[in-house]
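# Structure at a glance
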Amino acid sequence: MSDIPQELKYTKSHEWVRLEDDGSLTVGITEHAQGLLGDMVFVELPDIGDEFEAEQDCAVVESVKAASDIYCPVEGEVIAVNEELEDAPEQINVNAYHEGWLFRIKPLKEDDLGGLMSPEDYAELVESESH
Amino acid sequence: MTDVTLKETPIIKAHQEMGAKLVDFGGWNMPIHYGSQIDEHHQVRQDAGMFDVCHMTIVDLRGCEVIAYLAKLLANDVAKIADKPGKALYSCMLNNEGGVIDDLIIYSMEPAWVRVIVNSSTREKDLAWMRSQIGNMAVDLNERDDLAMIAVQGPNVRELAGKALGDEIAGADDLKPFNALLINAGADNERFVARTGYTGEDGYEIVCANSQAEQMWNQLADAGIKPCGLGARDTLRLEAGMNLYGNDMDETQSPLESGLSWTVDFSNEARQFNGRSSLEKQKEQGLKYKFVGLILKDKGILRAHQAVLVEGSSLQGELTSGTFSPTMQKSIGFARVPIEASEICQVAIRKKQLDAQIIKLPFVRQGKILVS
């Protein structure tokens, strides 16, 4: 069973979302997703100030094996990106939930997390996809 | 698991015990990696690794007309290895239009016995085509699904395999590159050892009975040869400039525009191999494309099917394979590009057009980077 931290929210496209104290959201890909993709070799991040709708593709992570689109979990504006990934994309493999974070967004609407999945629901999704 | 139809090699249990990540690979449940495909890649370039390649199709052709049969079936000339037991030859098998049905290696075993190893993904159509081409000739085709194959590859691997297997592969030490040896022919412990591979490193491909494959795998592992998955196999073959059937060439492509001209032998004018007249027509009319290696100069990853643009040409090229090269720490690929292309081209990656350097393949051989 993959590591699915209880304090995070999830998407069906395997992103994790952490609500920060200032109301912004940090986004990355889950441990399960990094395991499926394998060794990361390239990350294309959005620019700070870019605005995205919910479920719009906003970044790309590439492993040796394949490229994978990252979707914005809620409508919002990018306020930070993890620039260290440019030279060290393998941080996603090493620690998907911390050093491997991708970007931070300021949601357009407050309390816009209703559409995201709970850890329990995400665990069920992972379970169903491995059968 | 719902994939109850996936085929398994005789080594599946060892893969599971060694922590393999298994994936559906053309209907086979195969290891893609055992943790990190990049680590496995370096293992082969720098030391010794091994691959389960039991999914590949081994076919024995016997009969007094085998050489005449292969002279027509294959674009390379079987005469180079006929009656030279132990010699191997790489060739394309073409259709009558000159398209590539498959690429394969043939091994001269004995007079009137040639072993052919073809791809797994093309097994059924290959066998059907090969059978259809026999006609009235005295050729007997026998698929050897009773046999398993393990590829051991890397600069230190022959020494380690020799230690691990001892007399089982006696004489393999003296094999020259692209030569093979049959040991204990016909006995239960028969071994077929070829000094061939798909990584650009030294090594063997070892064939034994299915029932003995797991034991051999474990003996090799105990000697320090690390298991490697098909992920590393792909990055290794790309660095080594070796084509992958289905990506880099297929029935719609000419070997002459797939980097395989060196394998098409027109020298014997009397040898009317399948597809010959089509290829001669192509040469007469002039080839439009050439097959090259690309190194991406900017950050990003080359992938199959990305468009390639060349200044001064109205034709568009296309990537046929692409990946990240662990040895070069850059993205590399193969592309079919307009014939006038030289030095630099542009590759369309998502919304950007990025510069790539055009090179003559291969990128890496025997641990050394050959391009700059």
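Below: a short report on this structure.

Reading guide: rules and limits
- Residues numbered from 1 in each chain as written.
- Chains lettered and ligands numbered in written order.
- Predicted model: local features only at pLDDT ≥ 70, side-chain atom pairs only at ≥ 80, totals over all residues.
- Heavy atoms only, no water.
- Helix = DSSP H or I, 4+ residues; strand = E, 2+ residues; numbered from the N terminus.
- Rg over C-alpha atoms; globule rule 2.2 N^0.38 Å.
- Buried < 20%, exposed > 50% of the residue type's maximum accessible area, 1.4 Å probe, protein only.
- Contact = heavy atoms within 4.5 Å.
- Areas by Shrake-Rupley, 256 points an atom, 1.4 Å probe, with all protein chains shown as cover.
- Lys, Arg positive; Asp, Glu negative; His and termini not counted.
- Charge placed at Lys NZ, Arg CZ, Asp CG, Glu CD.
- Arc of directions from axis to C-beta.
- Core = buried A, V, L, I, M, F, W, Y, C linked by side-chain atoms within 4.5 Å.
- Salt bridge = Lys/Arg side-chain N within 4 Å of Asp/Glu carboxyl O.
- Pairing = 2+ DSSP bridges.
- Axes fitted to C-alpha atoms, helices over the stretch in contact; angles between N-to-C directions.

## Points about the overall build of chain A
Along chain A, the regular secondary structure elements total three helices and nine strands. For chain A, the sequential pattern of α-helices and β-strands runs β-β-β-α-β-β-β-β-β-α-β-α. Its C-alpha radius of gyration of 14 Å places chain A within 12% of the 14 Å reference for a compact globule of 131 residues. A principal-axis box enclosing the C-alpha atoms of chain A has dimensions of 35 × 35 × 25 Å. Within chain A, buried positions represent 51% of all 131 residues. For chain A, the proportion of contacts with a sequence separation of at least 24, taken over those separated by at least 6, is 59%. With an accessible surface of roughly 6500 Å², chain A has 44% of that area assigned to carbon and sulfur atoms. Considering chain A, the positive charge centre built from 7 side chains and the negative charge centre built from 33 side chains are found 5 Å apart.

## Observations regarding helix α3 (residues 119-129) of chain A
All names here are of chain A. Among the residues making up α3, those that are buried are Pro119, Tyr122, Leu125 and Val126. Around the axis of α3, the buried residues are gathered within 120 degrees of arc, so they sit on the same side. Of the surrounding elements, those touching the buried residues of α3 are β1 (9-10) and α1 (31-37).

## Some thoughts on the nonpolar core
All names here are of chain B. With 34 residues, the main nonpolar core has Phe51, Leu94, Tyr107, Phe192, Val264, Phe273 and Leu279 as its most contacted residues. Among the secondary structure elements, those contributing two or more residues to this core are β5 (88-94), β6 (100-110), β7 (113-118), β9 (147-153), β11 (191-194) and α7 (230-239). Discounting residues that sit within four places of it in the chain, Phe51 has contacts with Val44, Met149, Ile150, Ala151, Gln153, Thr199, Trp217, Cys228, Gly229, Ala232, Arg233 and Leu236. In this structure, Ala14, Tyr34, Cys54 and Ala161 belong to the second largest nonpolar core, which totals 28 residues.

## Looking at the pattern of salt bridges
By the definition in use, this model includes 24 salt bridges over all chains. As a salt-bridge pair, Arg45 of chain B and Glu201 of chain B come within 2.9 Å of each other at their nearest N and O atoms. Residue Arg45 of chain B is found in helix α2 (residues 37-46), and its partner Glu201 of chain B is found in the loop between β11 and β12 (203-209); the two are separated by 156 residues along the sequence. Relative accessible area serves as the criterion here: at 10%, Glu201 of chain B is assigned to the buried category. The partner of Arg195 of chain B in a salt bridge is Asp202 of chain B, and the shortest N-O contact between them spans 2.9 Å. The two residues Arg195 of chain B and Asp202 of chain B agree in class, both being buried. A single network of salt bridges, built from pairs that share partners, joins Glu44 and Glu62 of chain A together with Arg303, Arg350 and Lys352 of chain B.

## Brief notes about the sheet that holds strand β15 (residues 307-309) of chain B
Residues and elements named next belong to chain B. Read around the closed barrel, the six strands follow the order β14-β17-β16-β15-β18-β19; overall the barrel is antiparallel. Between one strand axis and the next, the sheet turns through 40 degrees on average, direction left out of account. With two bridges connecting them, β15 and strand β16 (residues 317-325) associate as antiparallel partners. Following the sheet pairing, Ala307 is matched in β16 by Glu318. Sheet strands in contact with α7 are β16 and β17 (330-338), and its direction is about 115 degrees off that of β16.

Read these as layout, nothing more, since geometry by itself doesn't imply function.
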